[in-house]
Amino acid sequence: MPTSFRHRPALTAALAGAGALLAGAASCAQEAAAPAAAAPAPLGAAQGPAGGVVGAAQAVPDAAAAALASLPHDLSPWGMFVTASPVVQAVMVGLALASVVTWTIAIAKTVELSSAKRKARTALAMLEEARSLSQAAERVGFSQGTAAALVRAVVAETHLSADAPSRDGLMDRAASRLERIESAAGRRMARGTGILATIGSTGPFIGLFGTVWGIMTSFIGISKAQTTNLAVVAPGIAEALLATAIGLVAAIPAVVVYNACSRAIGGHKAQLTDASAAVLRLLSRDIDRHALPRPHSNSRAAE
């Protein structure tokens, strides 16, 4: 038998052993590569376009977190006022002062009109009971009030017209005096109500200006923070809306007080008109009776 056929079993065994060694080496290499592939890559190891998207996605939450950290923690009215912009703060302060002016005028007019109405009722009752102008002048004396001034004005006119050849123009002259006194009293009672009308008509618009300015400032802050999170947007808008709320707080009472004062002044003018009519009736009676007050009588009351 040739030599090549005698050594074939040994060669076959050697080849089988070499194949087993190669298979074992490949298996070991796969087992070593598997943990390396399963291990997470470091944050800074990402490269290329995919790494840029991951970094941008992580940057947005960081910006939102920073914006949330800078939000004011006190969202009470005072806290929102303190953190508002200077323009909005100026609007709020102006509206608050307007509200103080409104309530001051309301208290002052309530006291003034109440006193004037009480005096007018008393004088009107006295004029209805008097039988002549001289008697009314004696009862009025030096008392204060518009109704008393009406009586004194008519008595003074009778004294000035004592040497007139006719009494026909006395009623007209007396009516003219009474009309001027009524007009002056109405103007005096209406002082301060114009301010109420101005506050009531302009207060909401001033507050709206503060709201618009505050919302503009909030939008600028939103663009800088690059987030539309409601927790970031809401405080700035709430501060802006506070200006509108203060404007309504100043305007609504001003309108209510103005209407109340207008009705009260109208009622007082009606009282003065009744008092003027009563004085003219007394004068007409004295003219018909030829019993006008003489210049030397009741001169002190007519002063």
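Residues numbered from 1 in each chain as written. Predicted model: local features only at pLDDT ≥ 70, side-chain atom pairs only at ≥ 80, totals over all residues. Heavy atoms only, no water.

Caption draft 1: Layout of the pattern of salt bridges. Considering all chains together, one arrives at six salt bridges under this definition. For lysine 109, the salt bridge identified is with glutamate 112, shortest N-O distance 3.2 Å. Of this pair, lysine 109 and glutamate 112 both sit in helix H5 (residues 86–129), three residues apart, which is roughly one turn of that helix. Exposure remark for lysine 109: the relative accessible area of 5% places this residue in the buried category. Of the residues examined, glutamate 112 reaches a relative accessible area of 25% and is grouped as partly exposed. Here glutamate 128 makes a salt bridge to arginine 281, at a shortest N to O gap of 3.2 Å. Note that glutamate 128 is positioned in helix H5 and arginine 281 in helix H10 (residues 230–289), a separation of 153 residues in sequence. A network of salt bridges, in which partner residues are shared, links Glu157, Arg173 and Arg177. (Salt bridge = Lys/Arg side-chain N within 4 Å of Asp/Glu carboxyl O. Helix = DSSP H or I, 4+ residues; strand = E, 2+ residues; numbered from the N terminus. Buried < 20%, exposed > 50% of the residue type's maximum accessible area, 1.4 Å probe, protein only.)

Caption draft 2: Looking closely at the confidence of the model for the protein chain. The share of residues in the protein chain with pLDDT of 70 or more is 69%, and the mean pLDDT across the chain is 75. At the low end of the mean pLDDT range in the protein chain sits helix H1 (residues 3–6), at 43; at the high end sits H5, at 90. When the criterion is pLDDT under 50, residues 1–8 qualifies, and its contacts beyond four places in sequence or with other chains add up to one contact. Note on residues 297–303: pLDDT is under 50 here. Beyond four places in sequence and across chains, it has 15 contacts. (pLDDT = per-residue confidence, 0-100. Contact = heavy atoms within 4.5 Å.)

Caption draft 3: Quick peek at the side chain of threonine 211. Position of threonine 211 among the secondary structure elements: in helix H9 (residues 193–225). A polar atom in the side chain of threonine 211 sits 2.8 Å from the backbone oxygen of alanine 240. A distance of 2.2 Å separates a polar atom in the side chain of threonine 211 from a polar atom in the side chain of threonine 244. (Polar contact = N/O pair within 3.5 Å; in protein donor to acceptor, adjacent residues only side chain to side chain.)

Caption draft 4: Just the nonpolar core, in detail. Ranked by internal contacts, the top residues of the largest apolar core, which has 25 residues, are Leu127, Leu133, Ala136, Val151, Val154, Val279 and Leu283. For this core, the secondary-structure elements that each account for two or more residues are H5, helix H6 (133–140), helix H7 (146–160), helix H8 (170–189) and H10. Discounting residues that sit within four places of it in the chain, alanine 136 has contacts with Met126, Leu127, Ala130, Val151 and Leu282. Core analysis: the second largest hydrophobic core is formed by seven residues, Met80, Val88, Met92 and Leu242 among them. (Core = buried A, V, L, I, M, F, W, Y, C linked by side-chain atoms within 4.5 Å.)

Caption draft 5: How the structure looks around the packing of H6 against H7. Here H6 crosses H7 at 130°, and the two axes come no closer than 10 Å. Classified by the interaxial angle, the pair formed by H6 and H7 is oblique. As H6 runs across H7, the sense of the crossing is left-handed. Here Leu133, Ala136, Ala137 and Val140 of H6 come into contact with H7, specifically with Ala148, Val151, Arg152, Val154, Val155 and Thr158. Residues of the contact of H6 with H7, tallied by class, amount to eight nonpolar, one polar and one charged. (Axes fitted to C-alpha atoms, helices over the stretch in contact; angles between N-to-C directions. Parallel < 35°, antiparallel > 145°, perpendicular 65-115°, else oblique. Left-handed = near helix turned anticlockwise from the far one by under 90°. Nonpolar A, V, L, I, M, F, W, Y, C, P; charged D, E, K, R; others polar.)

Caption draft 6: Geometry of the packing of H7 against H8. The N-to-C vectors of H7 and H8 enclose an angle of 150°; their axes lie 9 Å apart at closest approach. One way to sum up the angle between H7 and H8 is to call them roughly antiparallel. Here the hand of the crossing between H7 and H8 comes out right-handed. Side by side, H7 and H8 meet where Thr146, Ala149, Leu150, Ala153, Val154, Glu157, Thr158 and Leu160 of the first sit next to Leu170, Arg173, Ala174, Arg177, Leu178, Ile181, Ala185 and Arg188 of the second.

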